[in-house]
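So you can see what is in the structure, the chains are spelled out below.
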Amino acid sequence: MTGFESSVRRVAVFGASGHTGRFVVEDLLRRGLAPVAVGRRIEALRAAFPGGVEIRTATVEDAGALDRAFAGVAAVINCAGPFLDTAEAVAAAALRAGAHYVDVSAEQSSAQAVFDRFDEPARAAGLVALPAMGFYGGLADLLVTAALGDWSEADDIQIGIGLDRWWPTEGTRVTGARNTAPRQVIASGRLTPLANPAPRMDWAFPEPFGAQEMVEVPFSEIVVIARHLKTAKLDTFLSETALKDVRDAATPPPEAADDSGRSAQRFVVEAIVRRAGQTRRAIATGRDIYGFTAPLVCEAVRRLLASDGQIAGALAPGQVFDAVDFLRALPFETLTVNA
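Note that this is a predicted model, so its numbers are computed, not measured. (Residues numbered from 1 in each chain as written. Predicted model: local features only at pLDDT ≥ 70, side-chain atom pairs only at ≥ 80, totals over all residues. Heavy atoms only, no water.)

### Focus on the overall build of the protein
Let me state the cut-off plainly: Helix and strand assignments come from DSSP, with helices taken as H or I runs of at least 4 residues and strands as E runs of at least 2, each series counted from the N terminus. It is over C-alpha atoms that the radius of gyration is taken, and the globule rule equals 2.2 Å times the number of residues to the power 0.38. Buried residues are those whose accessible area, probed at 1.4 Å on protein chains only, stays under 20% of the maximum for their type, while exposed residues exceed 50% and partly exposed ones sit between those limits.
Across its full length, the protein holds 12 helices and 18 strands. In terms of overall dimensions, the protein is globule-like: its C-alpha atoms have a radius of gyration of 19 Å, near the 20 Å expected for 339 residues. Once the C-alpha set of the protein is aligned to its principal axes, its extents read approximately 55 × 45 × 35 Å. Counting the 339 residues in the protein, one finds 55% classified as buried.

Okay, here's the thing in structure tokens:
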């Protein structure tokens, strides 16, 4: 898609006062868009946005309040997990408002429910519903799509996520407790429950991450990739150090390391695609998985607003965007695709 310049348009951010939501509001402002901060508690919204940002209140239990909150917006970004509890109500209200729906869910069940429930209504309305457009989910889908290039399918796809540490937000902990559905991978070309115990492997990332002990932990990227790409096998592995951090109740939440509000956390994500004895890959490194979600989801919204209804439905990022072009627009520290 081209021709991104447009007049200022309102974008509602549901869950705006949360850790990721605040990053998203700030990124929208930097892009010249007009965020509308939406949340449950007016006090939290006022504390997060003391001036210059429009504030509206709504809860997922009140459809009328959601309709009022999303009136006049062109897109809705849902940052309020657990998405099993919020995605359906917020997506439905977004479509009623004539707005694109985008969320940042890492939950497989939530992403699949958006695909199943909203594809037909979104197509009928000429809108896009784009679930899982966050660090977990959309980023891996774009990397895999970019690595595939002109291949129509793969024999095997492996995704490795390395974090030097994981300081989980309160929202991450709440979502983890709520998300008890069995995780899925792709085996023999179909969605299949993850083996128990989860498989382990060693992964050789470039320095400074180097060799990492990994545990299979599939996130929403599995169902997102399965939405539009054909592969016999698809697995996601997470560094064991990060998994230990998020499972430890004593691990503190993220702290700002500079004026941007981002933490010092570093990440690497590698997608390895194999077909007929050949291997392709895409790898990206950056800082702060929560802070990085903001430019990822806001770039998606910017492009949707410029698309003029050229595509509609409940879709994966790789279906909507040119993956390589999209990735090059993001603030990675390093990005390599099939080099």
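Following the structure, the description resumes.
### Section: the side chain of Thr 145
Let me state the cut-off plainly: Contact criterion: two residues are considered in contact whenever any of their non-hydrogen atoms come within 4.5 Å of each other.
When you line up the elements, Thr 145 lands in helix α6 (residues 138-148). Excluding residues that lie within four positions of it along the chain, Thr 145 makes contacts with His 228, Leu 229, Gly 318 and Ala 323.

### A short note on the nonpolar core
Short version of the rule: Nonpolar cores were defined as sets of buried Ala, Val, Leu, Ile, Met, Phe, Trp, Tyr and Cys residues, with membership established by side-chain atoms within 4.5 Å.
Membership of the largest hydrophobic core comes to 110 residues, with the highest contact counts inside it found for Phe 70, Leu 163 and Leu 238. If you tally residues by element for this core, the top one is helix α10 (residues 289-305), at 11 residues. Membership of the second largest hydrophobic core comes to eight residues, among which are Trp 203, Met 214, Ile 272 and Ile 283.

### A short note on helix α9 (residues 240-247)
This is how the line gets drawn: By construction, the arc corresponds to the directions joining the helix axis to the C-beta atoms.
Among all positions of α9, only Glu 240, Ala 242, Leu 243 and Val 246 are buried. Looking straight down α9, one finds that the buried residues subtend no more than 155° of arc, so they occupy a single side. Buried residues belonging to α9 abut β8 (156-163), α7 (170-178), β11 (200-204), β12 (211-216) and β14 (233-239).

### Focus on the confidence of the model for the protein
Heads up, the rule is: Confidence of the predictor at the level of single residues is given by pLDDT, which spans 0 to 100.
Taken residue by residue, the protein gives an average pLDDT of 95. The fraction at 70 or more is 98%. Across residues 1-6, where pLDDT falls below 50, the model places nine contacts with residues more than four positions away in sequence or in other chains.

### Details of the packing of helix α1 (residues 19-30) against α10
Worth spelling out the cut-off: Simply put, an axis is a line fit to the C-alpha atoms, just over the touching stretch for a helix, and the angle between two N-to-C directions goes from 0 to 180 degrees. With respect to orientation, any angle under 35 degrees is reported as roughly parallel, any angle over 145 as roughly antiparallel, any angle of 65 to 115 as roughly perpendicular, and every other angle as oblique. Crossing handedness: left-handed means the near helix sits turned counterclockwise from the far one by under a right angle, and right-handed means the same turn made clockwise.
Between α1 and α10, the shortest axis-to-axis distance is 8 Å and the interhelical angle comes to 45°. One finds that α1 runs oblique with respect to α10. Two packed elements cross with a definite hand, and for α1 against α10 that hand is right-handed. Touching His 19, Thr 20, Phe 23, Val 24, Asp 27 and Leu 28 of α1 are Tyr 290, Gly 291, Thr 293, Ala 294, Pro 295, Val 297 and Cys 298, all from α10.

### Re the state of the cysteines
Basically, it comes down to this: Note on terminology: pairs of cysteine sulfur atoms within 2.5 Å are recorded as disulfides.
A full pass over the atoms with the stated rule returns zero disulfides. Between Cys 79, a cysteine without a disulfide, and Cys 298, which holds the nearest cysteine sulfur, the sulfur-to-sulfur distance is 7.9 Å.

### Observations regarding the pairing of β8
Among the eight residues that make up β8, eight are buried, leaving the element largely enclosed by the rest of the structure. Burial along β8 is two-sided: Asp 156, Gln 158, Gly 160 and Gly 162 and Ile 157, Ile 159, Ile 161 and Leu 163, pointing in opposite directions, are all buried.

### Here's the deal with the environment of Ala 204
When you line up the elements, Ala 204 lands in strand β11. Along the sequence, Ala 204 and Gly 160 sit 44 residues apart, while their C-alpha atoms lie 9.5 Å from each other.

### Some thoughts on the pairing of strand β9 (residues 184-187)
Using the following cut-off: By the convention used here, strands pair only if DSSP detects at least 2 bridges between them.
Sheet topology places β9 next to strand β10 (residues 190-193); four bridges connect them, and they run antiparallel. Counted as the bridge partner of Val 185 is Thr 192 from β10. Connecting β9 to the antiparallel partner β10 that follows it, the hairpin turn spans two residues, and Ser 188 within it adopts a positive phi of roughly 55°.

### Some words on unusual backbone geometry
In the segment running from Asn 196 into Pro 197, the intervening peptide bond is cis, with an omega of 5°. Structurally, the position occupied by Pro 197 is in the loop between β10 and β11. Cis geometry is adopted by the peptide bond preceding Pro 208, which originates at Glu 207 and carries an omega value of 15°. Phi angles above zero are rare outside glycine, and Ser 188 is one such case at about 55°. Structurally, Ser 188 can be placed in the loop between β9 and β10. Although it is not a glycine, Asp 288 sits at a positive phi angle of roughly 65°. Tracing the backbone shows Asp 288 in the loop between β16 (278-287) and α10.

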